[in-house]
Structures are given as C-alpha cells and as structure tokens.
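# Coordinate inspection notes
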Amino acid sequence: MSLIQVCVLGSFSFALCKALVLLLRRPHGIDLDGPNRGNWLTGNITSLFDGGVDYCVHIAEKYGGAVRLHGPLGETVYVSDPRALYHMVVKDQHIFEEPDPFIMSNKLVFGEGLISTVGEQHRRQRKLLNPVFSTSNMRRLLSTLHPISDRLTSTLASKLPTDSSQTEIDILPWLSRCALDGVCQGILGYPSNTLSAAENDPYPEALRKIGPLIGKLMKVRPIAAIIMQYCSPYWARNVLDLVTFMADVREMRRIVETMDNASRKAFSEKKAAMEADETLDPVGTVCRRHVMVFAGLDTTTSALARCVYLLAQHSGAQARLRSEIRDAMKTLEEDGDMSSAELPYDVLMNLPPFRLYPSLPVMARVTSKATTLPLQFPTRSRSGGYTSAVAIPEGTFTIISILAANRHREMWGADANEWRPERWLSSPLAAPSQAQEVDVPLGEENAASVSRSAPVLGVKDSIRFPGVYSNIGFKFAEMELKQVLATLVLRLHFSLPVERNAQGHVKEIQWKLQAFHIPVVKPPAGDGITPQVPLNVRLVTKDDFIW
C-alpha cells in the first residue's frame, strides 16, 4: 500500500468515526451558554488559540466562569470560576483527570516522567522530587544560580559597544540557555554550560524549539493516544515513519532523539562519577531528566522573556526596579545583611507577569464520572438565565483557564487586565515570615484572615487559588527569575525596537497562545512563526536609575 493510499484511508476512517460519534452518541446538553458551534468537525475550541489571550478572556467576561464550547468529540466546558477551579484541582481532583491524549503524547516525547504518568506511579515520582524543591534546598541552590546569571549578563554585555549606544539582540535564545543551565546545574547536578557553548549548539537549540512544536501538534494528540493504546512499539514506530512527511512531526522526532542522546550521555557521566551505582534506573532517570529539563526550561524562559519585554515597554518600572536593587546591594555591602533592605518593587515585578501571563495558560481535564460543579459567581445558562451550579456528564472534556481566572474582574477589579505592579502596594496581604510558614486553605468557605505586610502570589482576599502557584518547581523558577532579572537590570537597559527595516517596517513583538505563550515578530517585519524577542539593549548609565 502506497503512502498516499494510507493517508486517504486514514482520513476516511477518521471522518467515518467522527460521523458515527455525532450520530450515535447522545448529546450531553450541558446547560451553559457559549459562542456559536463553529466548524462541524473541530468545533469552536480552536478559537481559544487562534484568538489568543484576548479571546480567552473575552468569552469568560461575556458568558461567565463556565462556558460551553464544542470540540471534535462533543461539548467542552471552559472553566475560570474560582470555586469551580477549587473543586476541579483540589477537592474533586480524582474526578477531573488528565485526558489520555495528553498522557500518551507526553509519554511519546518524554517517556514515563512526571507529566506522563498517573496514579501511584505519578505519586511515587513526585515523592522522589519533593526534597529537591524543599525550602532548605532552595537556599542552597541560590549560590548555584549566581554565576549563571552573571555569565548571561556578561555574554550580552560583550556584544554591546562601550559608548552606551544600543544594539538589537534577540534575547530569547540567551534566556533559554540561562534557564537550561539553571535547571541542569541546580536541579540535576549536571553542568550543561550552554551559555558558553556555540550559538548553533544542537542541544539547546533543539530544546528551545520543543515548546512551540508541542503547541503546533496539539491537534494530533488524539491520534497519538490511539496509536499508543492499540499499537505495539514496533508498529507505533512504523506509523511514525509514515507521517514523517509532515515537517513538524519530522522536526519533533529529531528533537526527541537529540534530547534523548544528551540525557543518556549526562546519565552515563553522572553514573561514572558515582562509581557505577548499580541501583540507578537508567530508563527512569533519563525520563525524569527529560521532564525536569522541559518543565524548567520552557516555563521559566517564557516568564523571563515576558518580564524583560514588560520592562522594555515600561521604562519607569525598569528604572525603579534597578534603583531598588542598587540600594539593596549598597545595604548588603555596608551592613552585611539584606534583612533591612526594602525591595517592594522587586517582589511586585514577579506578581503581574505570573498573574496576567501564566506560563501554562490552560489545562485540559476529563470527567471520570458525572458530577455537579458549584460556581462562586452565577454564569449564563442556555435559556438566558443564570445558574450557580452546572451538571457535567461522565467523559466530558473540561478546560481549566488559569489565564481567565487570573483576570476575573469580580476578583481583581475593573482594571484586572492591566499590568500595574503598584496595585499590590496597597494590598493587605503579606508574605509569611520565615519562622512561620502559613498555608491558607483554598476556597471561600475555608478562608482565613492572616496578618501580612506584602503580597503573596496566588492569594486574593485571603483565599489561595490553584494554578501555577502549586507547581512543584514554582519556587525554584521564581528564585531563578528574581536572580536573573536583578543581575540583568543592574548592567543592561532594555527597550523596544524603533528602527525601521529596509521596507520601512518596525519590529513588533506578538505573543501567540499555543501550549505556551510564544513570542514572534508580527508580519510584515517578521514571519510571525519563528520564536524571538528582539530588543534594543545597551549598557546602563547613571540616568537609568532615575524614575
């Protein structure tokens, strides 16, 4: 059978299965309002990514905290209501499980790591990693991040003229290499030294492309789940060989092979250094390394790039942050103690980017049994009225929108969509002291009043909300983010491109919403596809500390 015949047969089989699903499966009839159905085959769920951040926020504002969408397999519920999120990811998390396409496709790319396992195997892997991200270990790892951030700053500074004139630099690959070195050195104990490697080094370049590729291949995840479930590894590889005519699939396969070879090499060197410890599981260790590198690389790189981009947009905020860090460094030199240094704006800089632009904007779940989801704020029903609870049948796909939840006007005010770090200066919330670690229960009914003096990420009106804040590696990412930003802004000044190219166009950065936030240069100045963050960079002068 030729390749064309295989493709035609596969397309016909998928269309037939889709028709049977539509004809034989009884519609759920979820009592929620939502936008028009859209395409008969794919529904309107693709609009979440085509429309970007604005569309994701718009439908939540128009229809409420629970919206009915349509996907290839039926109705889907788009959730951003805080009480509903609490039930989905905390109280009733055993009902809302990761869908098979997510687990199976992750297993194809990363092996059996933390994001591609469920049940007892997942809990066992998470238990193994918990000590790595403990508070005491985080303090020890901070000294590891210092030389990495210094090396990044020195590398960028070496590309700049000494007369304080600006040069356009694509900072995305350098931030990616910095994040990779931080994860490898700090978490895995293996010095990757990608900041010192050649600019065309295949390993960091392959890892930098994996996030955008995952976003592009999201539509074929269900096919990957079917192949993994019903085909042996031998036939699964043969099927993969048949579809390598697709450029994205071929590139993903090359990246996975590059990543696997580098991980196995690092494992072999680490094992030799440990005198050939026979208790190490090579497959399990390599898979966990894949997941840790990917999770720590793409999310941290995206957050770093967004922070630097926002600082380039807001020169006053950049100057204020730079001034506070300089004053804190002087306090450290004079007193030898940072406890007396005031750094409110340094703390605030991390809050708006994570709130407005979470590294993982949406997450998918599927219900293992029928349930009723309570809502904190009434949402629109099909009849045009309002409801405070929604019945969800078994097998329904749901989408957790961290993005829309973090911009909920009822929670954050009328200016919820604005980047305004100063909003937190008047917040009554404070960070727990080091001596007393306070864990505020999630949910309005369990809210506790805690006396605080600085804002806490993931807490609003004494209620802790789920999302990126409960990620196992979040504290490490936050620590790395602060260290890199503090080092960069002390020596470098960032601004948006203003020069016109030969065709008279200025480069304008656009953040596309796929699996992650992907920065590209909008046409006609750019291709709108290649991930990049070109900024004007120059050495800092005395005037750059005035705000």
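Before reading on, note that the structure itself is shown above.
In this report, the structure presented in the accompanying data block is examined. Values in this document were obtained by computation on a predicted structure and should not be read as measured data.

Here the focus is the sheet that holds strand β3 (residues 96-97). Ordered by their spatial adjacency, five strands build an open sheet running β1-β2-β8-β5-β3, and the pairing between neighbours is mixed. Each edge of the sheet is formed by a strand with only one pairing partner; in this case those strands are β1 (66-71) and β3. Direction of pairing for β3 relative to strand β5 (residues 362-367): antiparallel, over a ladder of two bridges. Bridged to Glu97 within β5 is Val366. Where helix α3 (residues 52-63) meets the sheet, its contacts fall on β1 and β2 (74-79), and the angle it forms with β1 comes to roughly 125 degrees. Along the sheet, helix α4 (residues 82-91) makes contact with β2, β3 and β8 (397-401), crossing β8 at roughly 115 degrees.

Before going further, it helps to spend a moment on the pairing of β8. The buried count for β8 comes to four of five residues, which makes it a mostly enclosed element. Inspection of the sheet shows β2 paired to β8 by four bridges, in the parallel sense. Note on β8: the bridge partner recorded for Val79 is Ile400. The sheet contact formed by β5 and β8 spans five bridges and is antiparallel. Within the sheet, the bridge partner assigned to Arg365 lies in β8 and is Thr398.

Okay, the side chain of Arg538 next. Mapped onto the secondary structure, Arg538 falls in strand β14 (residues 534-539). At 2.8 Å, the side chain of Arg538 and the side chain of Asp544 are in polar contact. Apart from residues no more than four positions distant in its own chain, Arg538 is found in contact with Leu160, Ser164, Ser165, Gln166, Arg491, Leu492, His493 and Asp544.

Before going further, it helps to examine the sheet that holds strand β4 (residues 167-170). On the basis of which strands lie adjacent, the open sheet formed by three strands has the order β4-β14-β11 and antiparallel pairing. Each of the sheet's edge strands pairs with one partner strand only, and the pair in question is β4 and β11 (492-495). Strand-to-strand, the axes of this sheet are offset by a mean angle of 45 degrees, without reference to chain direction. Where β4 meets β14, four bridges bridge the pair, whose relative direction is antiparallel.

Going through the model one piece at a time under the given rule, you end up with 18 salt bridges. In this structure, the salt-bridge partner of Arg380 is Asp33, at a minimum N-O distance of 2.7 Å. Separated by 347 residues along the polypeptide, Arg380 in strand β6 (residues 371-380) and Asp33 in the loop between α1 (3-24) and α2 (47-50) bring together distant segments of the chain. Its relative accessible area of 25% is what places Arg380 among the partly exposed residues. Given the relative accessible area of 13%, Asp33 is considered buried. Note that Arg326 and Asp327 form a salt bridge whose closest N and O atoms lie 3.6 Å from each other. Members of the salt-bridge network, linked through shared partners, are Arg68, Glu75 and Arg382.

Moving on to the packing of helix α5 (residues 100-110) against helix α10 (residues 221-230). Direction vectors running N to C along α5 and α10 enclose 75 degrees, while the axes themselves pass 8 Å from each other. On the basis of their axis angle, the class for α5 and α10 is roughly perpendicular. For the pair formed by α5 and α10, the contact residues are Asp100, Pro101, Phe102, Met104, Ser105, Asn106, Lys107 and Leu108 on the first element and Arg221, Pro222, Ala224, Ala225 and Met228 on the second. Across the contact of α5 with α10, the residue classes break down as eight nonpolar, two polar and three charged.

Another point: helix α14 (residues 315-335). Here α14 spans 30 Å end to end across 21 residues, near enough to the 30 Å set by a 1.5 Å rise per residue. Listed as buried for α14 are Ala317, Gln318, Ala319, Arg320, Leu321, Arg322, Ser323, Glu324, Ile325, Ala328 and Thr331.

Criteria and thresholds
- Residues numbered from 1 in each chain as written.
- Predicted model: local features only at pLDDT ≥ 70, side-chain atom pairs only at ≥ 80, totals over all residues.
- Heavy atoms only, no water.
- Pairing = 2+ DSSP bridges.
- Helix = DSSP H or I, 4+ residues; strand = E, 2+ residues; numbered from the N terminus.
- Contact = heavy atoms within 4.5 Å.
- Axes fitted to C-alpha atoms, helices over the stretch in contact; angles between N-to-C directions.
- Buried < 20%, exposed > 50% of the residue type's maximum accessible area, 1.4 Å probe, protein only.
- Polar contact = N/O pair within 3.5 Å; in protein donor to acceptor, adjacent residues only side chain to side chain.
- Salt bridge = Lys/Arg side-chain N within 4 Å of Asp/Glu carboxyl O.
- Parallel < 35°, antiparallel > 145°, perpendicular 65-115°, else oblique.
- Nonpolar A, V, L, I, M, F, W, Y, C, P; charged D, E, K, R; others polar.
- Expected span 1.5 Å × (residues − 1).

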